[in-house]
Structures are given as structure tokens and as C-alpha cells.
Amino acid sequence: MPAEITIERIIHPHILTCTPDTLLSDAAQRMVETRCSSILVTVDGAIVGIWSEQDALALDITTPQAFRCPIAQHMTSPVKTINVKTSLGEAALRFREEKVRHFLAVNDDGKHKGIVSQTDIVINQGIEYYISLREVQSVLNRQYPIIPSAAPLGEAVRNMHSGRFDALITQYPDGDYGILTERDVVRLISGDKPIAIVGELASRPLICVPGATSLYQARNLFIDKHIRHLGVTGSDGKLLGLVTFAELLASIEHDYIRELRETLKKRERSLVISKQHQRLAAKVFESTFEGIMITNAESVIESVNPAFTQITGFMAHEVIGKTPAILSSGKHQEIFYRKMREDIAATGHWQGEIWNRRRTGETYPEWLTINAVSNDDGEVTHYVGVFSDITTRKAAEEQVLFLAHHDGLTGLPNRALFADRLHQAIVHAHRDRAKVAVMFLDLDDFKQTNDTLGHHIGDQLLQMVAQRLTNCMREGDTVARLGGDEFTVVLESITNTGDIAYLSQKIIDTVSHPLLLDGHEIAVTCSIGVSVYPDDSEESDDLIKYADTAMYRAKEGGRNNFRFFIAPGKQ
């Protein structure tokens, strides 16, 4: 994209407007008819407010009479403006920083000349080559909720508004997917037919592309279909999530950073580069969302970009003349930095994860790339560091890792982690000549409680039982939920089998203590089966099976009790 292209060349001069007393339903109808995502409110030719598809989510759609109120009661005011001479790169940065989707374009005299949207920026980014190399699945950054088609519409819209989602994925009984968007909500407001459930308003089917589809193809599909969301499927045809126009914009910005890095590599071979590349590098330096820091050969900071300030909190004048040590978090030992310097000296390059410090003192993780820049004689003249804050990404990775090994409802270890913990316990017990107890616990008549009081009460009950079980355990023991109302326990380093019986009765007494959930007093009991390593078996699978068998014996014996496994023939 040429650096001098401004939004003056892409704005929409014809603006959809209405007066402050226009009813929301009428304004929505005009937006639907003209396929506009916003409408401007004017008084005597002056623009005083804006109402967009995103604002529609703030309405209580369960009370259609609200659609008959004046738009002035719900418009956003004042309207954010942008000068028509602003470059596309600077406009992209404004959209991200101010978290809006529309700007009113004005000239130097403040006279409005049109309107520009975030979508316009995506369509006019002229870097088809870069986005043709990227796949759609590479920009799946956010998980969109999937809701059943029979879900109440009002609740779904409230969830969109509170969670800042511009869309929700809808699943129908036949397994097919649809999508509920802000535009659908505007369509509801524009009509006079009340709709109660999501499936009646959502668009169906959800338009999907394989994850290997290029971003270039996806962008063309967005434009051709006049949509802002695409479903992305894996190689097995299963839905992976949604990709949006906004994520496409972020990807394009990422490609600018890659272009800058290529420019820096060329600068190592020659300081004489084309004016076109110089302008591009300068523009990227100013508008990229990744922080950039340039030092001289002695590692004294000479220049930083605006994103550096946005990420670290340090203003340029606070760091120029100092060394990067001002950002040190204290989390890394000297050997870490020594290895970094050695790699740069050997290869002219270093890349990796590092913890640094913001101006506030807060530490954060970043992904850092450092390149050495040399002159024609091969002497290093500068170092260029390009970095991004990966706090959100690391949190997401940790959450995914946690959910892979834990139960989503109770937070307890799941079946896979339980099996691993049991295996480790057996290894330690074999080494220490100790015993390990496996407990299999099942709540008595849980299904009746769940069916009578509702699943939300049942879920709360399971969470309370999980907490009570955990409180009964020693440090080092494991409580897991296998599914439903089935829990398992691993007791390590048992020296006295009498302790197992004591703990089993303690669990029964603790679990059976009445509790109050949503105004209901509930008393639940449990049945426990116990197997012991190595008395009953030295194999983990057998111990689990034997504990399960003993649990059923406990239920047959009247429930609300426990039984040790007794092998057939020893009874």
C-alpha cells in the first residue's frame, strides 16, 4: 500500500441520516434497506450523533415497544471524526486504539465529507501478495460462543452485549450451524414481528471455508457475500470457529511488520535502499502495533515507535539515551542475557520469549526479535528490536492446557490427569513400599435431584461436593471428576489401612451435611468403593475397576456407606 494514500479516496460521500425524533424501528429499516451499518443523526445539517449495529445490542429486545422510541435516546454522541488527509495506516491505528467501527471524515475546516468504516480499510489495503500466503486458520484468535437455536433471543443478545461479541454461532437440532449477528438484531428492530428464540432470527446456514483457505480468498468472499464473519472448518469438516473482517485487518498489519523485517535484512547488505522502501519502513515504524526499539552499536537507545510507548508505558524521552536494561524485569539471570548476546554476535539475530517491565512496574511476557544492522564494511552500527505483548496469548494457552487436564465444571482433574496421578502414586508407593488407595465415589439419587430442581442446581451441587471432597484431602492426594456425579480419589503413602476407613466415613459425613442452593435445602449422600495397592492389584486399571465394583456393593448395602473391594472367593 503506497504510504501517501489517504482516506479521502475511499470515504463514502453519501451519508445515511435521520432526525433525532426518528423512531429506532424506522432508522433500522432504512439501514437494512441501504445495507448500511450505521446512521447519523442531524439537526439543521449538523451531525449530533450516530447509531450503529453495535448499539442495537444494548436494547432490550424482549420489549419491542422500545423500538418505537426516538433514536436520540440511544445514539452515541459526539461522533468521532477523522481528517480526510489521514493515511490508511494511521486510520487503521485509530480504529484499533479507539475501538470504533466508523469515523466521520472531515476536512481541515471541520466540514464533514463522508463516512469511513473499518471494513473500508480492509478492502483497500493493497497487499494481496502477503495475504495470499496466509491461511484463514492462522487468524482464529477468539472463541465465539455456540448456542442452541432454541435459546431465548433476549438472553443471547444480552450475552453479545456484555461479552462484546458481534456474533454468536447457532447450532440447530440437525447439527447444522447458523450465525446471529448485530445486523440480524437491527433487522429485528426494523420489523414488527416479535421473535422469541435465536433460531428464528439467525442467518442459516453459516458460510464456511476450510482452514487452509488463504486470507486473500477469504477477503474476496467477505466482499462478494457482503458479510463480516466466516466459519472456519478443519480437515475433518468440523467447525473450528469464526474469522472476522477485523481479524483480517490485524493480519494485514502483521504483514507490514514482516515487510519491515525484510527491509532490515536488506539494510545489513546495503545501506542504499529505494525511497519506496524507506517511506514504507518509516510508515510501518510509526503505525505498526508491535513495539520497535533501535539502539546504536553500544546498545544505547536512539529511537522508539508509538507502539513501544503503548506497550511499555515509557515515553520516548524517558528511554532515549539509556540502555534496554531500563525494561529489565529481574526474572532472567545473567546467563540468559549472555546467551542472547552470543547468539546475536554469532548470527546477527535473536528471537524468543522474554519477560520485561512496564513503567508501572508490572512485568509482562513479550515475543522479541533482535536484528543486528551492519554497514558495508560489516561493522555493526545498530540493533533493531521488534516485540509484541503476548500476555493474552499466554493466558489463553494456559487456559487451554488447564481445560485439557481438568473438568470444566468443577476445576478438578479429569480422567486423563487422574490416570496419570494414579500411575505416579503407584510408582512412588512401589519405591517407598507404601500403599495407595483408590476411591470411587458416586452420589446417591443425584439424577432425581437434577431432574427435579434443574440442571443449574445440579451443577452447583456438583461444585459444592467437589469443594467438600477437596477439603477432606491431605496435600498430595488427588480428587478427580470422571463425569456426571462420579468422583475418584487417590490417597498416596498410606501406612495404615485404618486411615482409609476413617477418611471414607469423614467424606460420607461431610458430603451428607445439608446445604442451601437457590433457596432449596438439599441433603445428598454418597456411596464409596475402595481398592488398595498392592493388596488388590498392582495395575492402575484394575484398581479403578475394583473400586468401582466395591462402590456398587456399597449401594447394594443401603447406600450412604463405603465398602472395600473383596476378591471373589474371599468373601
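Here the structure is shown first, and the text comes after it.
A brief look at the structure comes next. Owing to the predicted nature of the structure, the values given are computational and were not obtained by experimental measurement. (Residues numbered from 1 in each chain as written. Predicted model: local features only at pLDDT ≥ 70, side-chain atom pairs only at ≥ 80, totals over all residues. Heavy atoms only, no water.)

1. Quick look at the overall build of the protein
Step number 1: From N to C terminus, the protein includes 19 helices and 24 strands.
Step number 2: Against the 2.2 N^0.38 benchmark of 25 Å for 571 residues, the protein shows a C-alpha radius of gyration of 31 Å, more extended than a compact globule.
Step number 3: A principal-axis box enclosing the C-alpha atoms of the protein has dimensions of 95 × 75 × 40 Å.
Step number 4: For the protein, the residues scored as buried account for 47% of the 571 residues in total.
Step number 5: The long-range fraction of contacts in the protein, counting pairs at least 24 apart against all pairs at least 6 apart in sequence, stands at 58%.
Step number 6: If you sum the accessible surface of the protein, you get close to 28900 Å²; carbon and sulfur atoms cover 51% of it.
Step number 7: Positive and negative charge centroids in the protein, built from 59 and 75 side chains respectively, lie 2 Å apart. (Helix = DSSP H or I, 4+ residues; strand = E, 2+ residues; numbered from the N terminus. Rg over C-alpha atoms; globule rule 2.2 N^0.38 Å. Buried < 20%, exposed > 50% of the residue type's maximum accessible area, 1.4 Å probe, protein only. Contact = heavy atoms within 4.5 Å. Areas by Shrake-Rupley, 256 points an atom, 1.4 Å probe, with all protein chains shown as cover. Lys, Arg positive; Asp, Glu negative; His and termini not counted. Charge placed at Lys NZ, Arg CZ, Asp CG, Glu CD.)

2. Observations regarding helix α1 (residues 24-34)
Step number 1: Every buried residue belonging to α1 is among Leu24, Ser25, Ala27, Ala28 and Met31, and all of these are buried. End-on view of α1: buried residues confined to an arc of 160 degrees, all on one side of the axis.
Step number 2: Where the residues of α1 are buried, they touch β2 (38-43), β3 (46-52), α2 (53-56) and α7 (182-190). (Arc of directions from axis to C-beta.)

3. So, the pairing of strand β16 (residues 363-374)
Step number 1: Across the twelve residues that make up β16, a large majority, ten, are buried.
Step number 2: Relative to β16, strand β15 (residues 349-357) runs antiparallel, the two being bridged by nine bridges. Residue pairing for β16: Arg357 is matched across the bridge by Thr363.
Step number 3: Relative to strand β17 (residues 380-389), β16 is paired through nine bridges, and the arrangement is antiparallel. If you follow Thr369 over to β17, its bridge partner there is Val386. (Pairing = 2+ DSSP bridges.)

4. Regarding the pairing of β15
Step number 1: Burial along β15 is one-sided: Trp350, Gly352, Ile354 and Asn356 are buried, while His349, Gln351, Glu353, Trp355 and Arg357, pointing the other way, are not.
Step number 2: A loop of five residues connects β15 with β16, the two strands running antiparallel in sequence, and Gly361 in this loop sits at a positive phi of about 100 degrees.

5. Overview of the side chain of Glu182
Step number 1: With respect to the secondary-structure elements, Glu182 resides in helix α7.
Step number 2: With relative accessibility at 2%, the residue Glu182 sits in the buried group.
Step number 3: In this structure, Glu182 is in contact with Glu53, Gln54, Leu57, Arg101, Met160, Asp166 and Arg228, ignoring residues within four places of it in sequence.

6. Brief notes about the sheet that holds strand β18 (residues 435-443)
Within a sheet, neighbouring strands are paired by backbone hydrogen bonds and run either parallel or antiparallel to one another.
Step number 1: What the five strands build is an open sheet, ordered β19-β20-β18-β23-β24; its pairing is mixed. Each having just a single partner strand, β19 (478-483) and β24 (562-564) make up the two edges of the open sheet. Averaged over all neighbouring strand pairs, the angle between strand axes comes to 20 degrees, with direction disregarded.
Step number 2: As paired strands, β18 and strand β20 (residues 486-494) are joined by seven bridges and run antiparallel to one another. Residue Lys435 lies in a different strand from β20, and its bridge partner there is Ile494.
Step number 3: Sheet strands touched by helix α19 (residues 540-556): β18, β23 (526-533) and β24. Its angle to β23, the strand with the most contacts, is close to 145 degrees. (Axes fitted to C-alpha atoms, helices over the stretch in contact; angles between N-to-C directions.)

7. Details of the packing of aromatic side chains
Step number 1: Inspection of the entire model under this criterion finds seven aromatic pairs.
Step number 2: Centroid distance Phe308 to Phe387: 5.9 Å. Interplanar angle 80 degrees. Geometry classified as edge-to-face. Of this pair, Phe308 sits in helix α11 (residues 306-312) while Phe387 sits in strand β17, and the two are 79 residues apart along the sequence. As far as the burial class goes, Phe308 and Phe387 line up, both buried.
Step number 3: Consider the rings of Phe562 and Phe564, whose centres lie 6.1 Å apart with planes at 75 degrees: the pair is edge-to-face.
Step number 4: Three or more aromatic residues joined by ring pairs make a cluster, and in this case those are Phe336, Tyr337 and Trp350.
Step number 5: Between the NZ or CZ atom of Lys331 and the centre of the ring of Trp355, over which it lies, the distance is 5.0 Å. (Phe/Tyr/Trp six-rings, centres within 6.5 Å; stacked < 30°, edge-to-face > 60°. Lys NZ or Arg CZ within 6 Å of the ring centre and 35° of its normal.)

8. Examining the packing of α1 against α7
Step number 1: Relative orientation of the contacting elements α1 and α7 amounts to 125 degrees, with a least axis distance of 7 Å. Put simply, α1 runs oblique to α7. Both α1 and α7 take part in a crossing whose hand is left-handed. Residues Leu24, Ser25, Ala28, Gln29, Met31 and Val32 of α1 lie in contact with α7, whose contacting residues are Val186, Arg187, Ile189 and Ser190.
Step number 2: Within the contact of α1 with α7, the residues separate by chemical class into six nonpolar, three polar and one charged. (Parallel < 35°, antiparallel > 145°, perpendicular 65-115°, else oblique. Left-handed = near helix turned anticlockwise from the far one by under 90°. Nonpolar A, V, L, I, M, F, W, Y, C, P; charged D, E, K, R; others polar.)

9. Quick look at the side chain of Asp477
Step number 1: Mapped onto the elements of the fold, Asp477 is located in the loop between α17 (455-472) and β19.
Step number 2: A relative accessible area of 13% places Asp477 in the buried class.
Step number 3: Within the local environment of Asp477, its side chain forms a polar contact with the side chain of Arg474, the two groups lying 2.8 Å apart.
Step number 4: At 3.1 Å, the side chain of Asp477 and the backbone nitrogen of Glu492 are in polar contact.
Step number 5: What Asp477 contacts, discounting residues up to four positions off in sequence, is Val490, Leu491 and Glu492. (Polar contact = N/O pair within 3.5 Å; in protein donor to acceptor, adjacent residues only side chain to side chain.)

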